Amino acid sequence: MVMVEQKKISLSLLILFCCLNHKLCAQSIPSESKNININGDHMLIGMGIILDMESWIGKSIHKCITMAISDFYDLNHSYKTRIVVHTRDSKGDLVKSMSAVDDLLKNVKVQAIIGPETHLQSKLLSVFANKAKVPIFSFAGSSSKEYPYMFQIKEEESTMAKSIAALVESYKWRNVIFVHEDTDDGSEILLYLAESFQDKNIQISYRSAISASATLDDITKELKKFMTFHTTVIIVHMSPSLASKLFLKAKSLQMISEEYGWILTEKTVDLFRSTNFEVIESLQGALGFRSYVPASSRLYNLTLRWHNFFYRKFPTLVTKEVPVSAIWAYDTIWALALAVEKVGVPHNGLLLLHEVLETRFKGISGEFDLSEGKVRSNGYEIMNAIDYGEKRVGYWTHSQGIRSNIHLYSSLSTEATTAPKGFDVEKNVTTAVGFSVDVFKTCIDLLPYEVPYVFISFENATYDDLVQKVYAEEIDAVVGDSTILANRSEYVDFTATYTDLGVGTLVRIKKKDLWFFLKPLDIGLWLAAMASLILTGFVVWAIECMNQETQCSPAHRLGTIFWHILLTIFFAQREKLSSNLSRFVMFIWLLIVLILITSYTATLTSLLTVEQFELASKGGIVGFHGGSFMGGVTVRNVHFEGHQKRAYYSYEDYAHALSKDGDADAIVDEIPYIKMFLSKYPGDYALVSSEPITSGFAFIFQKGSPLVEDVSRVIAKIRLDKTLESVENRWFENRLSVLPRNSTMPQALKLDRFGGLFIISGITCTLALMMSVLHLLHGKMEVYSIISFLVGRNLMATIRYLLYRNVVQT
């Protein structure tokens with residue numbers, strides 16, 4: 001607030017100063033319009049020019065203005081109007097620039113002003129233009145509908161911000177540092193950058209404002225501050241003169257390397273054309289944005305003339321290309337010359353304004369149109385400082401975004417073909433292993449952008465200590481068994497949980513039982529099954545023996561039948577039965593065997609999974625991990641209110657406490673820790689209950705880190721596609737199923753549950769046996785009747801009777 005008030009006071013004094021003193025103006029430079037043939041038929045239109053004539057940009061703009069006037073009137077020599085320029089040298093000073101504006105408007109009474117090229121308070125400059133009703137074409141001010149006389153001869157900050165955001169996104173960077181000159185335009189573009197970055201989930205980790213009068217020590221101090229951050233992508237928005245100091249110092253601090261990415265805005269990019277060898281060397285690998293101008297024969301001709309002039313006059317400053325602002329100045333003069341010719345009346349600002357807004361033509365910069373109070377953007381070309389020069393490596397436009405494969409070029413090295421990291425951490429490299437590390441690596445590998453990382457170990461730090469280190473930006477993240485807690489969320493952000501929720505109860509499995517396999521069925525059911533087997537075997541044997549086709553002895557048949565029935569338990573019988581009744585009895589027996597085996601298997605599985613655990617009665621000891629938040633409150637929440645609580649600090653302590661010689665009846669801990677314990681001590685212990693009273697493990701990042709959302713999204717994905725489960729299985733192979741505390745132990749199967757089956761079996765066997773006996777008796781009686789019949793008849797009649805009987809039966 002103090003800075004804002006100081007600026008308001010300074011501006012007020014400046015306005016008052018300008019209004020009271022018209023004589024404080026810059027030294028006038030002779031006009032080059034003397035080359036124009038002016039006679040009595042020509043109306044002279046005064047136009048003011050305010051430039052820093054000591055700067056390269058100022059010299060370039062001024063030269064292009066004079067060239068534009070000559071070119072226009074050489075082509076349109078019949079025009080009745082002639083523009084006459086009145087140049088003022090601002091020397092890059094704010095006060096002199098505003099004084100020059102005031103002098104040109106009130107004393108010289110010019111009808112238009114071009115400049116200044118250095119940033120002024122846009123609103124203050126607009127007030128001057130509106131009050132005098134004179135169009136001002138500024139290379140630094142901003143246009144608005146409220147001040148129609150203010151024209152913006154530069155790219156909009158919002159356009160610049162969108163192009164930078166597109167470049168950062170194309171390299172898959174997620175954090176940047178923004179350093180700018182301590183002027184109002186730096187604050188303006190910051191707002192647009194923040195908005196564009198937010199749309200693409202990019203974060204500005206740090207913003208630095210450096211004064212134009214900053215010393216090398218000031219710059220060094222600020223750069224060293226950058227080195228403490230883990231973000232290594234730096235966006236520079238400042239004048240070339242200040243930027244040259246910044247880059248020279250950055251090189252001496254070894255910040256011009258593959259670890260850093262430097263991006264220059266349009267305000268700074270002309271530094272690429274510096275003639276200072278040391279400055280060029282310090283820029284190697286940097287990327288910059290320059291307004292794009294389509295190639296044309298007119299552009300080539302202008303560039304050639306401009307280059308020849310500067311090569312003769314300033315041989316040490318000459319570059320290959322005309323600055324874009326100078327090209328826009330050239331086209332602006334043509335627009336003004338066309339407008340004043342149509343107006344034809346001097347000092348009619350409103351009419352001149354209308355004509356300027358209506359003027360459209362094909363200029364050197366492309367389609368030139370000031371109808372919206374600003375130049376039309378053609379997008380940006382993306383330049384790369386390579387081999388002590390610059391190379392175009394891509395384009396950005398509103399409609400197509402980034403064009404050309406800029407990823408083929410490094411923004412950090414003249415030879416490397418990989419993009420800068422954009423994200424770095426401490427250089428202490430630690431080899432880390434474990435379940436949490438594997439999950440973290442899996443998530444990072446699946447992100448759509450590269451996130452280089454190294455692990456740092458902290459031997460004697462608590463989890464709360466690590467949370468504070470993240471909060472203080474000493475480290476970027478915590479990768480480990482970090483529990484999500486409400487008080488920690490005030491300082492850091494958590495990803496989605498990647499483990500089971502809640503705490504569990506760990507106990508020791510009872511001693512082994514050699515006859516455990518008999519437990520699924522109670523004694524009654526075992527006896528009933530044996531009795532049913534004997535009954536079924538006897539019935540099948542009896543039926544088969546009563547079958548007239550049986551050729552073996554009854555004793556042999558009895559052994560065969562019982563072996564046959566025993567094999568049915570394994571569904572491996574091979575003997576064939578000759579009677580349909582015995583087959584039916586065997587079918588009922590197979591049905592009983594199927595049901596008994598299925599039930600036995602299910603019960604045995606449950607009994608093997610969880611045995612009958614009996615925790616100590618009231619007064620027993622329940623342990624918990626003494627080095628975590630687990631303790632009294634958590635233990636009470638899992639219903640051990642009447643038990644004594646004791647802290648243990650390692651898995652070895654857990655194992656000893658639950659052993660025969662130990663003093664604990666159960667251990668309460670978070671489920672992931674119990675699973676880790678079970679993988680280390682398989683077979684003797686089990687997780688017998690769980691309560692969802694904690695939020696599980698998650699990764700910790702700094703507040704506002706874009707990685708939180710991205711990693712959480714990946715965790716959800718790997719949980720869905722079972723990748724997380726496979727990682728967990730690699731680390732926790734010896735897991736046991738969890739039995740809720742309030743559930744009951746699986747009981748042995750009893751006879752009353754299967755009584756119906758045995759009743760059906762008994763009835764079936766009885767009926768089958770009865771039917772077989774009746775069939776046998778009926779057969780014997782029929783033989784007896786035949787014999788009796790034969791006794792009372794002669795042989796021939798008997799034979800005929802038997803033949804006839806056989807035919808009928810057949």
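Residue positions are given per chain, counted from 1 along the sequence in the order it is written. At least 70 in pLDDT is required for a residue's local features to be given in this predicted model, at least 80 for side-chain atom pairs to be given and counted, and no such filter applies to totals for whole chains, interfaces and linings, which use all residues. Heavy atoms throughout the structure, all of them, feed into the side-chain values; hydrogens and water do not.

A. Looking closely at the sheet that holds strand β9 (residues 233–237). Here eight strands make up an open sheet; going across it, the order is β8-β7-β9-β10-β11-β14-β15-β16 and the pairing mixed. Pairing within the sheet leaves two strands with one partner each, and these edge strands are β8 (203–210) and β16 (401–403). Neighbouring strand axes in the sheet, compared pairwise and without regard to direction, differ in orientation by 25° on average. The sheet contact formed by strand β7 (residues 175–181) and β9 spans four bridges and is parallel. Paired with H180 across the bridge in β9 is H237. Note on contacts: a residue pair is in contact if any heavy atoms of the two residues lie within 4.5 Å. To obtain an axis, a line is fitted to C-alpha atoms, over the contacting stretch when the element is a helix, and the angle between two such axes runs from 0 to 180 degrees between their N-to-C directions. Comment: elements are numbered from the N terminus, with helices defined as DSSP H or I runs of at least four residues and strands as E runs of at least two. With respect to the sheet, helix α7 (residues 216–227) is in contact with β7, β8, β9 and β10 (261–264), its orientation differing from that of β8 by roughly 170°. At least two bridges found by DSSP between two strands is the condition for calling them paired.

B. Representation of unusual backbone geometry in the model. In the segment running from G115 into P116, the intervening peptide bond is cis, with an omega of -5°. Looking at the element boundaries, P116 is found in the loop between β4 (113–114) and α4 (122–132). Within the chain, K172 stands out as a residue other than glycine whose phi angle is a positive 60°. In this fold, K172 is placed in the loop between α5 (157–170) and β7. Relative accessibility decides the category of a residue: with a 1.4 Å probe and only protein chains considered, values under 20% of the type maximum give buried, values over 50% give exposed, and everything between is partly exposed. On the accessibility criterion, K172 (37% relative accessible area) is partly exposed.

C. The pattern of salt bridges, seen in detail. Within this document, salt bridges are pairs made up of a side-chain nitrogen of Lys or Arg and a carboxyl oxygen of Asp or Glu, the two lying within 4 Å of each other. Scanning all chains against the criterion turns up 24 salt bridges. Across the pair D71 and R305 runs a salt bridge whose closest N-O atoms are separated by 2.9 Å. Taken together, the positions of D71 in helix α2 (residues 56–75) and R305 in helix α10 (residues 297–313) put the pair 234 residues apart, joining distant regions of the chain. Since its relative accessible area comes to 17%, D71 is described here as buried. For E367, the salt bridge goes to K362, with nearest N and O atoms at 3.8 Å. You can call K362 exposed: its relative accessible area is 54%. Here the salt bridges do not stand alone but share partners, grouping R174, E709, D710 and R713 into one network.

D. Focus on the UniProt feature "transmembrane region" (unreviewed entry) in the protein. UniProt positions are given in the numbering used here, feature names are shortened, and annotations may be inferred rather than shown by experiment. UniProt tags residues 523–543, 584–608, 754–777 and 783–803 as "transmembrane region" (unreviewed entry). In this annotation, residues 754–777 is assigned 100% helix and 0% strand; the end-to-end C-alpha distance for the span is 35 Å.

E. Summary view of the pairing of strand β11 (residues 287–291). Within β11, five of the five residues are buried, leaving the element largely enclosed by the surrounding structure. The alternating pattern of β11 places L287, F289 and S291 on one face and G288 and R290 on the opposite face, and all of these are buried. A clockwise course of the path from the first strand over the helix to the second, judged with the strands pointing away from the viewer, identifies a crossover as right-handed. Chirality of the crossover, the property in question, places the unit of β10, helix α9 (residues 277–282) and β11 among those that are right-handed. With five bridges joining them, β11 and strand β14 (residues 380–386) adopt antiparallel strand pairing. In the strand pairing of β14, F289 is matched with I382.

F. Representation of helix α21 (residues 706–720). Here α21 contains 15 residues, and its C-alpha end-to-end distance of 22 Å stays within 8% of the 21 Å for a straight helix at 1.5 Å per residue. Within α21, burial applies to P706, L707, V708, D710, V711, S712, V714, I715 and I718. Looking at the packing, one finds that the buried side of α21 touches β7, β8, α13 (435–446), β18 (492–494), β24 (697–702) and α22 (723–731). Where α21 terminates, the next one or two residues include K722, which has phi positive at roughly 75°. Expected span, for any helix, means 1.5 Å times one less than how many residues it has.

G. Summary view of the packing of α7 against helix α8 (residues 240–252). Contact geometry of α7 with α8 gives a least axis separation of 10 Å together with a crossing angle of 60°. In terms of axis orientation, α7 runs oblique to α8. Every pair of crossing elements has a handedness; the one defined by α7 and α8 is right-handed. Taken together, the residues of α8 that come into contact with α7 (itself represented by L216, I219, T220 and L223) are L242, K245, L246, K249 and A250. Taken together, the residues of the contact of α7 with α8 sort by class into six nonpolar, one polar and two charged. Here the angle decides the label: under 35 degrees means roughly parallel, over 145 means roughly antiparallel, 65 to 115 means roughly perpendicular, and every other value means oblique. By convention the crossing between two helices is left-handed if the near helix lies anticlockwise of the far one by an angle smaller than a right angle, and right-handed if it lies clockwise. Under the convention adopted here, Pro, Cys and the residues Ala, Val, Leu, Ile, Met, Phe, Trp and Tyr are nonpolar, Asp, Glu, Lys and Arg are charged, and Gly plus all remaining residues are polar.

H. Layout of the environment of S163. Residue placement: S163 occurs in helix α5. Residues contacting S163, with those up to four places away along its chain left out, are F289, Y380 and W396.

I. Molecular detail of the nonpolar core. M47, I65, I83 and F137 are the most contacted members of the largest nonpolar core, which totals 70 residues. Ranked by the residues each element gives to this core, the list is headed by helix α11 (residues 324–343), at 14 residues. If we skip the residues at most four places from it in the chain, I65 touches M47, I49, V85, I114, A329 and I333. Listed in part, the 32 residues of the second largest apolar core include L223, V236, L253 and V279. Throughout this description, the term nonpolar core refers to a set of buried Ala, Val, Leu, Ile, Met, Phe, Trp, Tyr and Cys residues connected via side-chain atoms within 4.5 Å.

J. Here's a closer look at the sheet that holds strand β17 (residues 477–483). On the basis of which strands lie adjacent, the open sheet formed by three strands has the order β17-β24-β18 and antiparallel pairing. Across the chains shown, the open sheet's two edge strands, defined by having one partner strand only, are β17 and β18. Direction aside, the axes of adjacent strands within the sheet are offset by 35° on average. Pairing of β18 with β24, which is carried by three bridges, proceeds in the antiparallel orientation. Pairing of D493 across the sheet is with F701, part of β24.

K. Up close: the packing of aromatic side chains. Planes of paired rings set the category: under 30 degrees apart is stacked, over 60 is edge-to-face and the rest tilted, where pairs are Phe, Tyr or Trp rings (Trp by its six-membered ring) whose centres lie within 6.5 Å. By the definition in use, this model includes 22 aromatic pairs. Look at Y330 and W334: their rings are 6.1 Å apart centre to centre, the planes differ by 25°, and that puts the pair in the stacked class. One end of the pair, Y330, and the other, W334, are both in helix α11, four residues apart, so they sit about a helical turn from each other. Grouping residues by exposure puts Y330 and W334 together as buried. Aromatic side chains F435 and Y498 sit 6.0 Å apart centroid to centroid with 50° between the ring planes, which places their arrangement in the tilted category. Here the residue F435 occupies a position in helix α13, and Y498 occupies one in the loop between β18 and β19 (503–508), the gap between them amounting to 63 residues. For the residue pair F435 and Y498, the accessibility class agrees, reading buried in each case. Counting every residue linked through ring pairs, the aromatic cluster contains F72, Y73, Y79, Y330 and W334. Looking at K63, its charged tip hangs above the ring of F309, at a distance of 3.9 Å from the centre. Note on criteria: charge over ring means Lys NZ or Arg CZ within 6 Å of the ring centre, with the direction from the centre no more than 35 degrees off the ring normal.

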